[in-house]
8 protein chains.
Amino acid sequence: VTIRPDPGRERRKGAPEVVFGETKETAQVIAMAQALLAGSGRAIISRMRSETKEALLDVFRDYTIRLREAARAMVISRPDFVRPDTGGHVGIITAGTSDVPVAEEAALVAEEMGCRVTCIYDVGVAGLHRLVGPLRDLLSNDVDAIVVAAGMDGALPSVVAGLVPVPVIGLPTSVGYGLGGKGMAALLSMLQTCAPGLAVVNIDNGIGAGVTAALIANRVAQARKHPLR
Amino acid sequence: VTIRPDPGRERRKGAPEVVFGETKETAQVIAMAQALLAGSGRAIISRMRSETKEALLDVFRDYTIRLREAARAMVISRPDFVRPDTGGHVGIITAGTSDVPVAEEAALVAEEMGCRVTCIYDVGVAGLHRLVGPLRDLLSNDVDAIVVAAGMDGALPSVVAGLVPVPVIGLPTSVGYGLGGKGMAALLSMLQTCAPGLAVVNIDNGIGAGVTAALIANRVAQARKHPLR
Amino acid sequence: VTIRPDPGRERRKGAPEVVFGETKETAQVIAMAQALLAGSGRAIISRMRSETKEALLDVFRDYTIRLREAARAMVISRPDFVRPDTGGHVGIITAGTSDVPVAEEAALVAEEMGCRVTCIYDVGVAGLHRLVGPLRDLLSNDVDAIVVAAGMDGALPSVVAGLVPVPVIGLPTSVGYGLGGKGMAALLSMLQTCAPGLAVVNIDNGIGAGVTAALIANRVAQARKHPLR
Amino acid sequence: VTIRPDPGRERRKGAPEVVFGETKETAQVIAMAQALLAGSGRAIISRMRSETKEALLDVFRDYTIRLREAARAMVISRPDFVRPDTGGHVGIITAGTSDVPVAEEAALVAEEMGCRVTCIYDVGVAGLHRLVGPLRDLLSNDVDAIVVAAGMDGALPSVVAGLVPVPVIGLPTSVGYGLGGKGMAALLSMLQTCAPGLAVVNIDNGIGAGVTAALIANRVAQARKHPLR
Amino acid sequence: VTIRPDPGRERRKGAPEVVFGETKETAQVIAMAQALLAGSGRAIISRMRSETKEALLDVFRDYTIRLREAARAMVISRPDFVRPDTGGHVGIITAGTSDVPVAEEAALVAEEMGCRVTCIYDVGVAGLHRLVGPLRDLLSNDVDAIVVAAGMDGALPSVVAGLVPVPVIGLPTSVGYGLGGKGMAALLSMLQTCAPGLAVVNIDNGIGAGVTAALIANRVAQARKHPLR
Amino acid sequence: VTIRPDPGRERRKGAPEVVFGETKETAQVIAMAQALLAGSGRAIISRMRSETKEALLDVFRDYTIRLREAARAMVISRPDFVRPDTGGHVGIITAGTSDVPVAEEAALVAEEMGCRVTCIYDVGVAGLHRLVGPLRDLLSNDVDAIVVAAGMDGALPSVVAGLVPVPVIGLPTSVGYGLGGKGMAALLSMLQTCAPGLAVVNIDNGIGAGVTAALIANRVAQARKHPLR
Amino acid sequence: VTIRPDPGRERRKGAPEVVFGETKETAQVIAMAQALLAGSGRAIISRMRSETKEALLDVFRDYTIRLREAARAMVISRPDFVRPDTGGHVGIITAGTSDVPVAEEAALVAEEMGCRVTCIYDVGVAGLHRLVGPLRDLLSNDVDAIVVAAGMDGALPSVVAGLVPVPVIGLPTSVGYGLGGKGMAALLSMLQTCAPGLAVVNIDNGIGAGVTAALIANRVAQARKHPLR
Amino acid sequence: VTIRPDPGRERRKGAPEVVFGETKETAQVIAMAQALLAGSGRAIISRMRSETKEALLDVFRDYTIRLREAARAMVISRPDFVRPDTGGHVGIITAGTSDVPVAEEAALVAEEMGCRVTCIYDVGVAGLHRLVGPLRDLLSNDVDAIVVAAGMDGALPSVVAGLVPVPVIGLPTSVGYGLGGKGMAALLSMLQTCAPGLAVVNIDNGIGAGVTAALIANRVAQARKHPLR
Ligand SMILES: Nc1ncnc2c1ncn2[C@@H]1O[C@H](COP(=O)(O)O)[C@@H](O)[C@H]1O
Ligand SMILES: Nc1ncnc2c1ncn2[C@@H]1O[C@H](COP(=O)(O)O)[C@@H](O)[C@H]1O
Ligand SMILES: Nc1ncnc2c1ncn2[C@@H]1O[C@H](COP(=O)(O)O)[C@@H](O)[C@H]1O
Ligand SMILES: Nc1ncnc2c1ncn2[C@@H]1O[C@H](COP(=O)(O)O)[C@@H](O)[C@H]1O
Ligand SMILES: [Mg+2]
Ligand SMILES: [Mg+2]
Ligand SMILES: [Mg+2]
Ligand SMILES: [Mg+2]
Ligand SMILES: [Mg+2]
Ligand SMILES: [Mg+2]
Ligand SMILES: [Mg+2]
Ligand SMILES: [Mg+2]
């Protein structure tokens, strides 16, 4: 099967390709990584199966490797590749610990897009008092966009969006069983939010949430550098 | 069509019959009300259409009438009927103003079952600070069970259930449009709650929520009167 | 990944944290158990995978262990931990034998919250005559709340709620195949109940049903001890 | 638009055509009735809108008319038409009064197919004791098939099918609101029945239930007349 | 876990208990089989896992065993058990070969209820001409009820019900992928049938279809023996 | 609101724009018709509300009008407009009379695209014998594509596709109530067809079915004229 | 019913309250408008019914009124109210004309939040060439965020997000009938987008899309003014 | 289990039987292949499990084998079998690489029906410019029908159908996770297409898409050979 990498995409969009590893065979992932490395000097792979991970570590042993275990993600870069540093600042919050793998996907891609990323994990919903402090810190550090990941009842993004004057990206996770389980209630609840200014991505789409937040943050950062353009 | 009232039900269950008026013809509602008045001295009608309301006011003009406009509900009682006073205390909270009609159904039936009912309406979710004071008051007045009505994202019942040591009944309301609208997201979100001790009834089922809360409150009230039974 | 136990929760809510073992790695469960033991002297784990169970038995061999095999649940307590005895009484009924594992979750958590628990399993629906005797016994022993677990058509909770003057918690179980299978028909049927005073939790949520019933029972028990408070 | 009546159908199937009036214009219904009268001497119309009813009464004033108001159904027959009398016996039971219109459709078509029909309406579920007597009567009168109509939780058909040694047709009705409303929970619950020997038709399909029951009853009746054929 | 067999059921209903083996452990199945053998002299097990089958063959090696491989079903009977022979006749038709396992469940239980069973498998839909001959044979052999099993588009039961003057039980099977797959389109299509006199059971519920058809057939057979009762 | 007609579309696609009248205000429809008349000399409007129809008849009284009442559709053309005649031949079949309005939409647009259209309405499913003759006629007249419209169980398109060596377009119609009603079962059933070579359009999308069939027929017709191109 | 306006919300969130008029009685809307005018000097009402519109025009005749007919929206402001001008720039694109009312809601609220708004309506999908020019203009005018509204197949937001380096908010509209109609396919398609950096709001939630886009734009605008903060 | 091959089908329909291997046992597949080889000289098997593939290669080692690995499909033919060459031309396009296996099914069956097949894989949606060239080539080579396979948002078929004057068959693939995943959004989006002349088959039904396209192409090819028939 021929692979047609789209080298113009990153330039056009300001967002890198990410290889979705879960349903690909190891050989396919390696070929795609090679194509991306040839094109942009960097390849990002998400949801690697463990045998794929081992193979990549072996094949690309002369490259710089950044592993993000929880997200089953890896960044391979040519030794001379310099990751951008835009000055954008993205916050990533999770309701529980089960939401962390998906949140880590968002963190990884936002970092690769040049943002500073601050993660606050497992703030709970039952104990909202635990949320207030860290949120205040984020805001006083000029966070530009916040991703909030939650499964089950998906209430946290609405609560955060009701408190902060910053765009919030709701990231539902496939946590929960029974009716509304696997992220369904979380997604619906975010779509039905009473809070203004909450936009959402699909269940478990950490990459989408991270890219959106980083696009926002990078645009703000650019404006900081180029005032009154 | 013959009507078979079940006079033993109130005695057996401790909860009165409630006539669901929305899909019944006026003549049917009148016949049912007469049967219930003959049996227990009281008839409760919910979701009356306005022509039914007028007809009932006319037909039962010699009876004691209690109207609850927002819920489109009416209680008709024989002049000699004495409503019980159990000493149970039920709290009823709504997220928004659109949830009030359904909450009023719950309030009405809990009162008819002999409970004291305290209503706190439109506390919002975005401004949770507005919730804290009234909730503290409820608890310090020994509330026995709390009904929390919410539509759209349905987040409020989970928030309340995470804060209070009292059984909470989640009452989703058919508020909201789009995916998860008409109470669907609210119901799913309550079923997926992260908070322990939240049980739910169906969308817009104010009667069911009120009866459940009153059954709890009455049982507690009875225990207060008959210690160490 | 950092874990943020919420030690205040049990005090605030009167209900203990329960670790959901199914999707957690053994190391995560052990860390959470240690945090909970440090906080409250007790850790409850539900839906353990078998390797996790073995590891816990090994790691916490100096602690008091209570195993509930059918529910794949375990309670680990410090030798000096004294479980409360509130005097509350919870009844737990199942329609079939397949509903037992979920019912056992409810029983376990209600016991850990200090309640006496009476279980009546596999009463069937086809042979309702088999239900009458045990139900009468429950009522004459002052049961404060009843959990009724059922899969497939989910008819039993409605039948019970139509007979007893006690709050009933419907607990749908993921039993059944085809349309409405995996507990869907059971849940919908309970939400659509004709019986007043039936509230429900999500499919297979034994913990939620048990906590709700125990909150009710404990509140009644407290009232028995503190009359006319 | 040309209409193609299928005159052979009744002979082939032993069941008459029934015109579904709800979505048809009056002129269409009249034309269909005329075609059926020409073919078999009888036309059955269900779910007539009221203006259609008036028009039919007028147009066919020289025919024998049988009106079934609750079902919004009408049977028009040539004066010389002789309805068959097969000796089959069909029982029709409803859970509530709201189920009656659909049950009446079943009754009507079973009668037109030559059966004796016994109706028992509004037996409730909460008070199953009210069911036992009438059911015993039915059985001792050699009922050949029983249709049980129920909306909301749809529990009654399962209960009946668990008690009687006769084929039971479950007939869900579009009663109930919220999740599982409009007959959905009732249908799913019947499909998930724990009772053996319960088959179902679609929500509100009284005609289908009546035809099935009458086919069974007529076959039994025929066997009574032609033993050891 | 205690098992409560319901010995009165077969007498009450005229249909035997069938153990659903798929989700039960071998030890549970053996215990249930022993209870049923003690009660009625026969135990029917459906959907056995293969290790359960081996164990049953071993444990009950002194009993009479009837295996139905395709249905993964087994009948164990005490050597002295005499299966009834009612004279009822049930026809079972499948659209394809994938529907056969479920059809075999229906055949097995109808036979155990004393019926003669005629199976016609894989008649297709595209080639309806292949259906006509066998159907004519069935009818001329006085079949009392016909089960028609179909997956995918589920069209066959409607076609058959449009042709024969005998009650037809539609049995959707979980065949097909994509939207409407796993029997969903088949079930919906049967519920929406244009043919009168088609009743359905749930997806893959061969037992339910077989019991219903046998109840009908046995009732007819009994009438043949007891004319003008 | 500015309207941007896409004049190049008809040339590019070989299919005309069709205005969907149901949700548009009369003024909007008139403006669109004027734009289309200016562009291509013809405007096609489907699903007109009756007040819109009257207004169009008035405003365009100097134009050639073709009304298709059943489809609530109208074709307005400049007096000098010459409709193409391609030589393509499209067959359109309906299962019942309720499917006719949608079938007429398909017929209209195929005719406007230059095809000869043969309609066969209300062939039923129960009496498939009624289908055979007309189908044979169609085939012997070199029909190039067949649209089959059906609601309820949607079985007819599969039956036709199993018999003819011509591409078949399944057109589900929103006929039927209860589960799978409003065309859902019909659509799913067509998607799950056992017959090869059946493609479908959405429920009630007569325009889509007609355009697809006409595109096929016109391509065949063109090949007839330009052999061995 | 008491109304509890949340005056702090606009300050806290940077987004104004918007009254949802569709399900409110005129008296309720007037009361809410008065409360908001008292608090912030401005009241925004969306989805007014026409009688409400007339009443508002009358009651608030001494105020400044801004009507947005297509969106059925109105802004009432105290004569001395000065709308902010932030310098943010929001683009709003629709696929068709039916998407305009919802797009206008987004435009209105973004303007009220101080943004410059550029609208490009009815760009179609079939003629993507019509999209390219206007999109290039938007980008060269430093647009900060783009809302793309689309119903039916919802393909346009993905296409736009694949082309521009700016955050895109997908706004599905309830346009379309049949399966996936009323915006469902549009929403799902946006959630499943292949394009990175597309976040969505619920079907028809123009307010939510506009607030999110304006929050982004205002943050960028602020950075332009306060470089290197 | 008896197998009833339908030898007349290929002659009647112009489309060969294809054995669906996924759910069949190896022995069943071999028996079916033998029956088809005996009948028509060729057997096509799709979705073979790998053990089945090995067995077929062994059993039919004296036959001509054509393997299509990506589709897990195989064609076995008698050495003397001559595949038809009709002159029809089918184009097959995929959005991504994950859609290739299903596209290959379509290609295989179209080739076996005698068509020339041109495949264009992984054209993407984000970079539509990559689509234009190959599409122009297809059209200038007189392609008769085009299959477009896409998962996730399913936007590509609508885009193609908006550009070409040839019938397009949309083939949704089960690619994508979260809400609308597994091909659901893709299918709905195609059903809701804004482009005229797009018909669809079910998710992953490559065979159905290929047969439909080949039926169209073969009909056109036949007309090319037999002009003005
Ligand atoms: N974990 C992920 N979640 C969501 N999107 C992803 C993920 N990984 C990759 N993608 C996106 O999915 C698109 C298709 O991936 P691929 O199939 O690898 O070509 C890529 O363009 C990525 O932007
Ligand atoms: N508004 C309501 N919501 C839910 N249940 C109700 C309502 N009104 C009445 N009911 C219950 O519905 C049952 C059936 O009502 P009915 O059809 O009036 O006999 C009664 O037993 C009531 O307990
Ligand atoms: N109320 C009804 N419910 C279900 N099926 C019906 C009903 N009325 C008529 N039918 C059946 O629906 C088929 C189509 O009806 P029609 O559209 O009137 O030709 C007829 O053959 C009837 O057998
Ligand atoms: N057309 C609309 N769509 C979505 N949300 C809205 C709309 N109009 C108002 N809202 C929001 O819905 C919330 C509740 O509205 P209300 O019921 O008017 O208090 C408000 O806080 C608004 O932010
Ligand atoms: Mg936690
Ligand atoms: Mg409010
Ligand atoms: Mg049992
Ligand atoms: Mg009643
Ligand atoms: Mg076959
Ligand atoms: Mg007809
Ligand atoms: Mg347009
Ligand atoms: Mg790709």
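Rules behind the numbers
Residues numbered from 1 in each chain as written. Chains lettered and ligands numbered in written order. Predicted model: local features only at pLDDT ≥ 70, side-chain atom pairs only at ≥ 80, totals over all residues. Heavy atoms only, no water. Near = heavy atom within 4 Å. Areas by Shrake-Rupley, 256 points an atom, 1.4 Å probe, with all protein chains shown as cover. Nonpolar A, V, L, I, M, F, W, Y, C, P; charged D, E, K, R; others polar. Phe/Tyr/Trp six-rings, centres within 6.5 Å; stacked < 30°, edge-to-face > 60°. Helix = DSSP H or I, 4+ residues; strand = E, 2+ residues; numbered from the N terminus. Buried < 20%, exposed > 50% of the residue type's maximum accessible area, 1.4 Å probe, protein only. Lys NZ or Arg CZ within 6 Å of the ring centre and 35° of its normal. Least-squares fit on C-alpha atoms with pLDDT ≥ 70 in both. Contact = heavy atoms within 4.5 Å. Buried area = accessible area lost by both parts, 1.4 Å probe. Polar contact = N/O pair within 3.5 Å; in protein donor to acceptor, adjacent residues only side chain to side chain. Pairing = 2+ DSSP bridges. Domains from an automatic or database assignment. Salt bridge = Lys/Arg side-chain N within 4 Å of Asp/Glu carboxyl O. Axes fitted to C-alpha atoms, helices over the stretch in contact; angles between N-to-C directions. Arc of directions from axis to C-beta. Right-handed = clockwise from strand over helix to strand, strands pointing away.

### What about the site of ligand 2?
Then, in step 1: Near ligand 2, the surroundings consist of Arg9, Glu17, Val18, Val19, Phe20, Lys24, Ser46, Arg47, Glu105, Asn205 and Ile207 of chain B together with Tyr177 of chain D.
Then, in step 2: About the coverage of ligand 2: the protein hides 82% of its 490 Å² of free accessible area.
Then, in step 3: For the shell around ligand 2, a count of residues per class yields five nonpolar, two polar and five charged.

### Notes on the packing of aromatic side chains
The geometry of an aromatic ring pair is captured by two quantities: the separation of the ring centres and the angle between the planes.
Then, in step 1: According to the stated counting rule, one finds 16 aromatic pairs over all chains in the structure shown.
Then, in step 2: Measuring from ring centre to ring centre gives 5.5 Å for tyrosine 177 of chain B and phenylalanine 20 of chain G, while their planes differ by 15°; the resulting arrangement is stacked. Of this pair, tyrosine 177 of chain B sits in the loop between β8 (168-172) and α7 (184-191) while phenylalanine 20 of chain G sits in strand β1 (residues 19-20), on two different chains.
Then, in step 3: The class of tyrosine 177 of chain B is partly exposed, set by a relative accessible area of 28%.
Then, in step 4: Positioned over the ring face of tyrosine 177 of chain D is arginine 47 of chain B, at 4.5 Å from the centre of the ring.

### Some points on the relation of the copies chain D and chain E
Then, in step 1: With an axial shift of 0.0 Å and an RMSD of 0.0 Å, the rotation relating chain D to chain E amounts to 180°. Here the transformation between the copies is reduced to the relation of a two-fold axis. For chain D, the smallest separation between a C-alpha atom and the rotation axis is recorded for valine 220 of chain D, amounting to 2.3 Å.
Then, in step 2: Taken as a fraction of all interface residues of chain D, those also at the interface in chain E reach 97%, which identifies the copy contact as same-surface.

### Some remarks on the interface of chain D and chain E
Then, in step 1: Counting from both sides, the interface comprises 38 residues of chain D and, opposite them, 37 residues of chain E.
Then, in step 2: Between chain D and chain E, roughly 3,500 Å² of surface is buried when both sides are summed, and carbon and sulfur atoms account for 56% of that area.
Then, in step 3: When the area that chain D buries against chain E is broken down by residue, the three leading residues are Lys13, Leu191 and Arg219 of chain D, summing to 19%.
Then, in step 4: Where chain D touches chain E, the interface holds 11 residue pairs in polar contact (both at pLDDT 80 or more).
Then, in step 5: Elements that contribute at least two residues to the side of chain D that touches chain E include exactly α1 (8-13), α7 (184-191), β9 (198-200) and α8 (206-225) of chain D.

### Description of the sheet that holds strand β4 (residues 73-77) of chain G
All names here are of chain G.
Then, in step 1: Pairing is mixed in the open sheet, where four strands are placed in the order β1-β2-β4-β3. Every interior strand has two partners, whereas the edge strands, β1 and β3 (64-68), have only one.
Then, in step 2: One ladder, built from five bridges, connects β3 with β4; its direction is antiparallel. Each bridged residue has a counterpart across the sheet, and for arginine 66 the counterpart in β4 is valine 75.

### Describing the environment of leucine 191 of chain H
Then, in step 1: Looking at where leucine 191 of chain H falls in the secondary structure, it is placed in helix α7 (residues 184-191).
Then, in step 2: For leucine 191 of chain H, a relative accessible area of 4% puts it in the buried group.
Then, in step 3: Through-space distance from the C-alpha of leucine 191 of chain H to that of serine 158 of chain H is 9.5 Å; in sequence the pair is 33 residues apart.
Then, in step 4: Non-local contacts of leucine 191 of chain H, meaning those with residues more than four positions away in its chain, are made with Leu187, Val200, Val201 and Asn202 of chain F, Leu179 of chain G together with Val200 of chain H.

### Thoughts on the site of ligand 1
Then, in step 1: As a structural note, the neighbourhood of ligand 1 is formed by Arg9, Glu17, Val18, Val19, Phe20, Lys24, Ser46, Arg47, Glu105, Asn205 and Ile207 of chain A together with Tyr177 of chain H.
Then, in step 2: Residues lining ligand 1 come from chains A and H.
Then, in step 3: Between ligand 1 and the protein, one listed contact pairs a nitrogen atom with a side-chain N or O atom of glutamate 105 of chain A at 3.5 Å.
Then, in step 4: Between ligand 1 and tyrosine 177 of chain H, the relevant distance is 2.5 Å, taken from a nitrogen atom to a side-chain nitrogen or oxygen of the residue.
Then, in step 5: For ligand 1, whose free accessible area comes to 490 Å², the fraction covered by protein is 82%.
Then, in step 6: Residues that form the shell around ligand 1 fall into these classes: five nonpolar, two polar and five charged.

### A closer look at the domain arrangement of chain A
One frequently used descriptor of interface size is the decrease in accessible area upon assembly of the parts.
Residues and elements named next belong to chain A.
Then, in step 1: Taken domain by domain, chain A holds domain 1 (8-77) and domain 2 (89-223).
Then, in step 2: Computed from C-alpha coordinates alone, the two centres of domain 1 and domain 2 are separated by 25 Å.
Then, in step 3: The junction of domain 1 with domain 2 conceals about 1,300 Å² of combined surface from both sides, 57% of it contributed by carbon and sulfur atoms.
Then, in step 4: The three residues of domain 1 that bury the most area against domain 2 are Arg47, Arg66 and Arg68, which together make up 37% of that side's buried surface.
Then, in step 5: Here domain 1 and domain 2 share six salt bridges between them.
Then, in step 6: A salt bridge links glutamate 112 to arginine 66, with the nearest nitrogen and oxygen atoms 2.8 Å apart.
Then, in step 7: Along the contact surface separating domain 1 from domain 2 lie seven residue pairs in polar contact (both at pLDDT 80 or more).
Then, in step 8: Elements represented by at least two residues in the side of domain 1 that touches domain 2 include exactly β2 (42-46), β3 (64-68) and β4 (73-77).
Then, in step 9: If you tally residues by element for the side of domain 1 that touches domain 2, the top one is β2, at three residues.
Then, in step 10: By residue class, the composition of the side of domain 1 that touches domain 2 is eight nonpolar, two polar and five charged.

### With respect to the arrangement of the chains
Then, in step 1: You won't find any contact between chain A and chain E; their C-alpha atoms come no closer than 18 Å.
Then, in step 2: Between chain C and chain G there is no contact, and the shortest C-alpha to C-alpha separation is 20 Å.

### What about the sheet that holds strand β1 (residues 19-20) of chain A?
All names here are of chain A.
Then, in step 1: With respect to topology, four strands assemble into an open sheet ordered β1-β2-β4-β3, the strand pairing being mixed. Bordering the open sheet on either side are β1 and β3, each of which pairs with just one other strand.
Then, in step 2: Across two bridges, β1 lies against β2 in parallel orientation. Residue pairing in the sheet places valine 19 in a bridge with isoleucine 45 of β2.
Then, in step 3: Here helix α2 (residues 26-40) sits on the sheet in contact with β1, β2 and β4, set at roughly 145° to β2.

### A short note on helix α5 (residues 129-140) of chain F
All names here are of chain F.
Then, in step 1: For α5, the full list of buried residues reads Leu131, Leu135 and Leu138. Across the axial projection of α5, the buried residues extend over an arc of 55°, all falling on one side. Exposed positions of α5 whose direction lies more than 90 degrees from the buried face are His129, Arg136 and Ser140.
Then, in step 2: On its buried face, α5 sits against β5 (89-94), β6 (116-120), β7 (145-150) and α6 (156-161).
Then, in step 3: Once α5 finishes, aspartate 142 follows within two positions and takes phi at roughly 55°, a positive value.

### Focus on the pairing of β8 of chain B
Residue and element names in this part refer to chain B.
Then, in step 1: Burial analysis of β8 places five of its five residues in the buried class, which makes it a mostly covered element.
Then, in step 2: Side chains of β8 alternate between two faces, with Val168, Gly170 and Pro172 and Ile169 and Leu171 buried alike.
Then, in step 3: Across five bridges, the pairing between strand β7 (residues 145-150) and β8 is parallel. Its bridge partner lying in β8, alanine 149 is registered against leucine 171.
Then, in step 4: What joins β7 to β8 is helix α6 (residues 156-161), and the crossover it makes is right-handed.
Then, in step 5: Sheet topology note: the β8/strand β9 (residues 198-200) ladder contains three bridges and is parallel. Across the sheet, isoleucine 169 pairs through a bridge with alanine 199, a residue of β9.
Then, in step 6: This β-α-β element, β8 to α7 to β9, shows right-handed connectivity.

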